[in-house]
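Now for the letters of each chain:
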Amino acid sequence: MMIHRRDFLKASVGAIASSTLAVASESPSPALIAITLDLEMARNFPRWEETGWDYEKGNLNQESKDYTLEAARRVKQAGGRLHTFAVGQTFEQENVDWMKQLIHEGHAIGNHTYDHVYLLAKDLPDLQYRFQRAPWLLEGRDVASALRENIRRCTQAMETRLGIKPAGFRTPGGFAQGLTGREDLQRMLLDLGFTWASCQYPAHPIGEPMKRPASATIDGIIEAQKGAQPRRYPTGLLEIPMSPISDIGAFRNGRWELSWFLEAIGAVLDHCIAGGQCFDFLAHPSCLYVVDPKFQAIDLICRKVVNAGPKAAIVTLDRFAERAR
Ligand SMILES: [Zn+2]
């Protein structure tokens, strides 16, 4: 019985993908759902005491790579593609075949800077832990020039080892206002070849740590998600916000249990699908393999989108950008 249902669902998803444009002109636009994974190691995972990753964000462990590939397989089976963002350091690893496999399967890989630098840094020490310990690597650059070089170098690493240009840009960390008021950074990204960037992560309530989120908290997250839709900055750069609540928000900041996270994600997604909005799920395989080893969050999103029929589609963020244009 399960097999029949799955085959049916697969067939419907294929039909949705090819008919999305036609549907858009007759009825409200379908909700666009992206499943995005930032490919980096995260402090506090896999062990809470762990902070050494701050100095080697891109030194991915095997568990994170395996999780990414399996997540990609599940998303593709549901008719979609995964959108990942890579830290340039990762391309110093001996083997990047797993990333080539992602590309081969049609998944997207964007630029997440070379060393996971902080774009809103005011001083050099704010850029990244690595440069506090090894400031000589900056070769006397100021903040603006160090940022530019760090982003350019990630693109160069991708071109060299994967033979592709990055599929968009995502800032390390998300900013409540995105890059609003920072025309200098918007212009830098445009100048580096990006037409869109994912920089905004809206402020939202999270409730008391280690407590199941109250319905007011969930409502607050839904409101924040509604208010953070793709938009254009004055310079022409497109902003594609990340959607709350992220895995790090839930499991590091909120110390949530997995079931609470699934509840919140499900509620936000239901509203998003009903309203035909964009939902940009943000997670990190280095966190998820620890807290969600059975891929329940990704499966939940896939299931909801498939069940929504023509009202939703799992796409990469490039499709968000196309719609925003
Ligand atoms: Zn990151």
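The structure reproduced in this document is the subject of the present report.

At the metal site, the zinc ion is ligated by Glu 40 (OE), Glu 40 (OE), His 112 (NE2) and His 116 (NE2), and these contacts range over 2.0 to 2.8 Å. Note that the zinc ion binds four donor atoms; their angles at the metal cover 52 to 141 degrees, and the shape is irregular. Residue His 112 is classed as buried on the basis of its relative accessible area of 0%.

Mapped onto the secondary structure, Pro 285 falls in helix H10 (residues 285-291). For the pair formed by Pro 285 and Trp 136, sequence separation is 149 residues and the distance between their alpha carbons is 31 Å. Filtering out sequence-adjacent residues up to four positions away, Pro 285 remains in contact with Leu 37, Asp 38, Leu 39, Ser 64, Tyr 67 and Thr 68.

Take the packing of helix H2 (residues 62-77) against helix H11 (residues 296-307) next. A pair of packed helices is characterised by two quantities: the angle between their axes and the separation of those axes. Where H2 contacts H11, the two axes come as close as 10 Å, and the packing angle between them is 15 degrees. What the angle tells us is that H2 and H11 run roughly parallel. As H2 packs across H11, the resulting crossing turns out to be right-handed. Side by side, H2 and H11 meet where Tyr 67, Ala 71, Arg 74 and Val 75 of the first sit next to Ile 298, Asp 299 and Cys 302 of the second. Residue composition of the contact of H2 with H11, grouped by class: five nonpolar, no polar and two charged.

Calculation criteria
Counting from 1, residues in each chain are numbered in the order their sequence is written. For a predicted model such as this one, the threshold for reporting local features is a pLDDT of at least 70, and the threshold for listing and counting side-chain atom pairs is 80 or more; totals across whole chains, interfaces and linings nevertheless cover every residue. By convention in this description, side-chain values take in all heavy atoms of the structure and omit both hydrogens and water. A donor here means an N, O or S atom no more than 2.8 Å from the metal, or no more than 3.2 Å when the metal is Na, K or Ca. Since water is not included, a site may seem to lack partners. Only two sets of limits are used to name each site, 85 to 135 degrees for every angle of a tetrahedral four-donor site, and over 155 degrees for opposite donors with all other angles from 65 to 115 for a square planar four-donor or octahedral six-donor site, with any other site named irregular. Under the scheme applied here, a residue whose accessible area is under 20% of the maximum for its type counts as buried, over 50% as exposed, and between as partly exposed, the area being computed with a 1.4 Å probe on protein chains only. A run of H or I in DSSP becomes a helix once it reaches four residues, and a run of E becomes a strand once it reaches two; helices and strands are each numbered from the N terminus. Between two residues, a contact is recorded if the distance between any of their heavy atoms is within 4.5 Å. Only C-alpha atoms enter the line fits that serve as axes; for helices the fit covers just the stretch in contact. Angles between N-to-C directions range over 0 to 180 degrees. Oblique is the label for any angle not under 35 degrees, not over 145, and not in the 65 to 115 range, which are roughly parallel, roughly antiparallel and roughly perpendicular in turn. Two helices that cross are described as forming a left-handed crossing if the nearer one is turned anticlockwise from the farther one by less than a right angle, and a right-handed crossing if clockwise. Lys, Arg, Asp and Glu make up the charged group, whereas Ala, Val, Leu, Ile, Met, Phe, Trp, Tyr, Cys and Pro make up the nonpolar group; the residues left over, Gly among them, are polar.

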